[in-house]
Each structure stands twice: as structure tokens, then as C-alpha cells.
Amino acid sequence: MSKEFNAFEMAQRQFDAVADKLQLDTGLRDLLRWPQREYHFTIPVTMDDGSVKVFKGFRVQHNDARGPAKGGIRFHPQETVDTVRALATWMTWKCAVVDIPLGGGKGGVICDPHDLSSREQQALCRGWVRQVAPNVGPVQDVPAPDVMTNPQHMVWILDEYEKLAGGHFPGFITGKPVEVGGSLGRTEATGYGVIFTVREAMKRHGMSIKGVRASLQGFGNVSQYAAKLFIELGGMVVAVSCWDNDDQCAYTFRKLDGIDVEYLLSITSRFGTIDKEKAGENGYEVLEAEAWLEQEVEILIPAALENQITGDNVGRISEKVKVLAEGANGPTTPEADAVLKEREIFVIPDFLANAGGVTCSYFEQVQCNMNFFWPKEEVLDRLDQKMTTAFRAVASLSEETGEYMRDAAYMIAIQRVATACHLRGWA
Ligand code: GLU
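- With an unreviewed UniProt entry as reference, the chain is termed Glutamate dehydrogenase, source organism Candidatus Sulfomarinibacter kjeldsenii.
- Taken from UniProt, the Sequence similarities (unreviewed entry) comment for the chain reads in full: "Belongs to the Glu/Leu/Phe/Val dehydrogenases family."

Structure (C-alpha cells):
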């Protein structure tokens, strides 16, 4: 990651450009450029060896004009408050673009869960929520999984919160296991949502997914399910990249006649590392980290972390690429974005492409509130409808006005949030 990269500066730059287009007045700009509230705290954890280790945690609530703040909690060794601020800001736009009644928030802990035992992770989760319990909750701020957090972490957080609150509040957190009030389809939702938008983009270009090739960055929750659905719809995934926990770097796994997601999963460790040797013996080429970016494919899907397609490597993208769907949050820097725009690559911006996760989280809350749970088909059907409607609104605005897809998505989202702030009399 380049030293100068600051995700929050990037989020603010993106906002400023669209605020100009929308001619927002100063008060509203000042309000929306910054989080409404943020909490910084320490979490002491008694480690398995008896020592106490203190972790740093954050929760940022960017805007709650449209509803309670909503967004995941990340565990990451390089977490910074500015990254959490950026991600919270993007959550506000994400919930607005798919038109769900939620605001934007994000949390983080500076830690590497690979170095923590299950008991230590549980203590960290419980410690995190104890620090913010008075400021979060089903009607204030609703967390969810994100990078390196999972449904088990969510239950520990829920359980601690319920102990403090003295009752059952399943709508406090989403991404729970289905056995404890989770929604069917939540695991698949973000990756599937990416492909619903890709499918719609292809339709708009008069193309079908059949026979089309894709290359993905990452092999986590988003990438795995995006690849699965893309293949199910008749496409072919020729490459995925994956972080290698032993070597502390990523590799690209390429198979020109199409990767097999189930096979790769069968040789992936519990830390998410694909076994290079086994892959090599089974027809996969093991290439360097960024090789995923220069594959001769029609579709590129960065689905790992922020700051991955930069001014330095954007030139490696093949002439063949038609659609770039951002499965991750903030994968493309403004410098790289300008090049994509210039090359007329059809970009499905992050807060639209990856909104499937939070949309399904909203369905999870709705089901928890009703205490009545839908079958998986119903959840995925509703998800498809929401994503398709949002995609079409953005693509139509982009076609009508000639605005770049990212700007069109921002215009719709910012306008919705600005209207809510205005109606509340905030600005
Ligand atoms: N962490 C996911 C995101 O970035 C999901 C958030 C949620 O479900 O609240 O969109």
C-alpha cells in the first residue's frame, strides 16, 4: 500500500466533486464531508498466556439522517481511523443508492485475527461492544461482518450486548448465523449482488454472460460467491488472486479453461490461503500478486481491499476489459479512476456493486423484527430486485446526462441523504 494513500481523503474528494455538480450549500457539505460521531477506545484482552494485550478499536457513525447507522466491523493489522471514516462514509452512500432506510457506519480493531486464538477473539469481540454499547443498538447503529470478521464474531458481540441490555435484540447486529436469527442468503449476498449488477451491465451492452471471461482479485467471501454465480450464469473465471498468510503476499491463480471454485476451496486453509503446491499440481498457474489485473478478460472484479488499482498499475488492464465491478470498498484510486473513465471502461462503483451485503442485512433486520424468516429463494429474489432497480436508476442517469457511472451513483445517493438532512432541518 503506498504511504500517501488516505482512504478518507479519497472519499472526501469523491464527495466534493459531486457536491459541486449538485450545487450543495456549504452547511450541507460541511455536514456530509465528516462523520457525525466517532468513538476511539482501547480493549484490554487477557491472552491465553495470562498476559494482557491492549487493542485499539473504533466505531464511526458517518450519517444517520435516513435511519440507524449501518456497517461492518473490520479486524485488520493496518486499520486506521481514516480508513474507518472512509468506509463509514461509503456506507452512507451505499444504503442510500439501494434506497434502504439506514445510514452509514463502520467499526474496526487494529489486530490480526490469525494471531489470536478463538478464546482471545471472543474476548476481543465482547470487549469491543462493551466500549460502545451505550452508543450502538437496533435503533442507533447496527454492525455486521466485514474484512476478517465472520458470523461467529457477530454472535459473540450480540451475546455481550444482550447481557448488558437485558433482553433479546436480534436486530442489533446482522450477518448472524441462521441458527441465531441470521438470514438465509446473507453469506452469498455481497458476491451475488456484484454479479446481479454485472449481469445488468452486460444486458445494457447487448451481451450475455455466457462465454464471457472474468478475473477476480481476492478469494474471500465476496469473491468466492461472485465467482460461483458468474460461473452458474455461464461465464468463465480464468483467475483469482489470494493472500498467502505464510508468505505475507498475494498470488494469482490462473486456469485459462476456467477455475473450479469448489476445488480451490477444498485446498484453502482456515486462514484463507490457497495451497500453491496442490494448485500447481492440478493445472493452475501460480502467478504474481497483480497478474489478475492484466488478464485478457471482459470483466474485472477487484474484491479484496481498498487502494488496489492505482495510477501505477492501471495501465496493465487489458484492452479487452469492458466492465469493472468493484466488489471491494474503495479499490480504485482517483488517479486510476480518471484513466478508466478516459478508456471508457464501464465501472460499476463499489457502493453500488457491493451493496448486496447490506441490502441483505436490512432484510435480516426486517425478518428479526417480524420474528418470521423467509426462504432463501425469497431473500435472493428480493435482493436481485433491489440491486437491479438501483443499477438501472444509476445507469439510466449516466446515459441521460453523460455522467460517469461513479458520479451518477454518487449524485443519486448524495441527493437522497441531503434531502433527508434537509427535511430533518439539519442543514
Ligand atoms: N461490510 C459490508 C459492507 O461493506 C456489509 C455491511 C452490513 O451488512 O451492514 O457493505
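Brief notes about the overall build of the chain
So, step 1. The helix and strand inventory of the chain stands at 14 helices and 12 strands.
So, step 2. The globule rule puts the C-alpha radius of gyration for 427 residues at 22 Å, and the 21 Å found for the chain is close to it.
So, step 3. Projecting the C-alpha coordinates of the chain onto the three principal axes gives extents of approximately 55 × 55 × 45 Å.
So, step 4. Across the 427 residues that make up the chain, the buried fraction comes to 59%.

Some remarks on the sheet that holds strand E4 (residues 104-110)
In sheet architecture, strand pairing relies on hydrogen bonds along the backbone and comes in two forms, parallel and antiparallel.
So, step 1. As summarised here, the arrangement of the five strands in space is E1-E2-E4-E3-E5, forming an open sheet in which the pairing is mixed. Each having just a single partner strand, strand E1 (37-46) and strand E5 (141-145) make up the two edges of the open sheet. Taken pair by pair, the neighbouring strands of this sheet meet at an average axis angle of 25 degrees, ignoring direction.
So, step 2. Sitting on the sheet, helix H4 (residues 118-132) touches E1, strand E2 (52-63), strand E3 (69-76), E4 and E5, and the angle it makes with E1 is about 145 degrees.

Things to note about the site of the ligand
So, step 1. If you check the shell around the ligand, you find 14 residues, and the closest are Lys70, Lys94, Pro145, Asp146 and Ser361.
So, step 2. Taking lysine 70, its side chain carries an N or O atom lying 2.7 Å from an oxygen atom of the ligand.
So, step 3. Between a nitrogen atom of the ligand and a side-chain N or O atom of aspartate 146, the distance comes to 2.6 Å.
So, step 4. Relative to its unbound accessible area of 290 Å², the ligand is 94% covered by the protein chains.
So, step 5. Of all the elements in the fold, those that place two or more residues in the shell around the ligand are E3, helix H3 (81-97), E5 and helix H12 (356-370).
So, step 6. Of the residues assigned to the shell around the ligand, the class counts are four nonpolar, five polar and five charged.

Focus: the pattern of salt bridges
So, step 1. Counted according to the given criterion, the structure contains 42 salt bridges.
So, step 2. A salt bridge links aspartate 159 to arginine 126, with the shortest nitrogen-to-oxygen separation between them at 3.0 Å. Placement of aspartate 159 in helix H5 (residues 151-165) and of arginine 126 in helix H4 is noted, with a sequence separation of 33 residues between them.
So, step 3. In this structure arginine 126 comes out as buried when scored by relative accessible area, which is 14%.
So, step 4. Each of Arg126, Arg130, Asp159, Glu160 and Lys163 takes part in one network of salt bridges that share partners.

A closer look at the packing of H4 against H5
So, step 1. At a closest axis distance of 8 Å, the pairing of H4 and H5 adopts a crossing angle of 45 degrees. With respect to H5, the element H4 is oriented oblique. In this structure, H4 meets H5 at a crossing whose hand is right-handed. Across the interface between the two elements, Ser118, Gln121, Gln122, Cys125, Arg126, Trp128, Val129 and Arg130 from H4 touch His153, Trp156, Ile157, Asp159, Glu160, Tyr161, Lys163 and Leu164 from H5.
So, step 2. By residue class, the composition of the contact of H4 with H5 is seven nonpolar, four polar and five charged.

Some thoughts on the sheet that holds strand E8 (residues 249-254)
So, step 1. Strand order across the open sheet formed by seven strands is E9-E8-E7-E6-E10-E11-E12, with mixed pairing between neighbours. Edge positions in the sheet fall to strand E9 (285-288) and strand E12 (346-348), since each of these pairs with one other strand and no more. Neighbour-to-neighbour, the strand axes of the sheet open up by a mean angle of 20 degrees, direction not taken into account.
So, step 2. Of the strand pairs in this sheet, E8 and E9 are connected by four bridges, and their pairing is antiparallel. When the sheet's bridge partners are listed, tyrosine 251 is paired in E9 with glutamate 288.

Calculation criteria
Residues numbered from 1 in each chain as written. Predicted model: local features only at pLDDT ≥ 70, side-chain atom pairs only at ≥ 80, totals over all residues. Heavy atoms only, no water. UniProt positions renumbered as here; feature names shortened; annotations may be inferred. Helix = DSSP H or I, 4+ residues; strand = E, 2+ residues; numbered from the N terminus. Rg over C-alpha atoms; globule rule 2.2 N^0.38 Å. Buried < 20%, exposed > 50% of the residue type's maximum accessible area, 1.4 Å probe, protein only. Pairing = 2+ DSSP bridges. Axes fitted to C-alpha atoms, helices over the stretch in contact; angles between N-to-C directions. Contact = heavy atoms within 4.5 Å. Near = heavy atom within 4 Å. Polar contact = N/O pair within 3.5 Å; in protein donor to acceptor, adjacent residues only side chain to side chain. Areas by Shrake-Rupley, 256 points an atom, 1.4 Å probe, with all protein chains shown as cover. Nonpolar A, V, L, I, M, F, W, Y, C, P; charged D, E, K, R; others polar. Salt bridge = Lys/Arg side-chain N within 4 Å of Asp/Glu carboxyl O. Parallel < 35°, antiparallel > 145°, perpendicular 65-115°, else oblique. Left-handed = near helix turned anticlockwise from the far one by under 90°.

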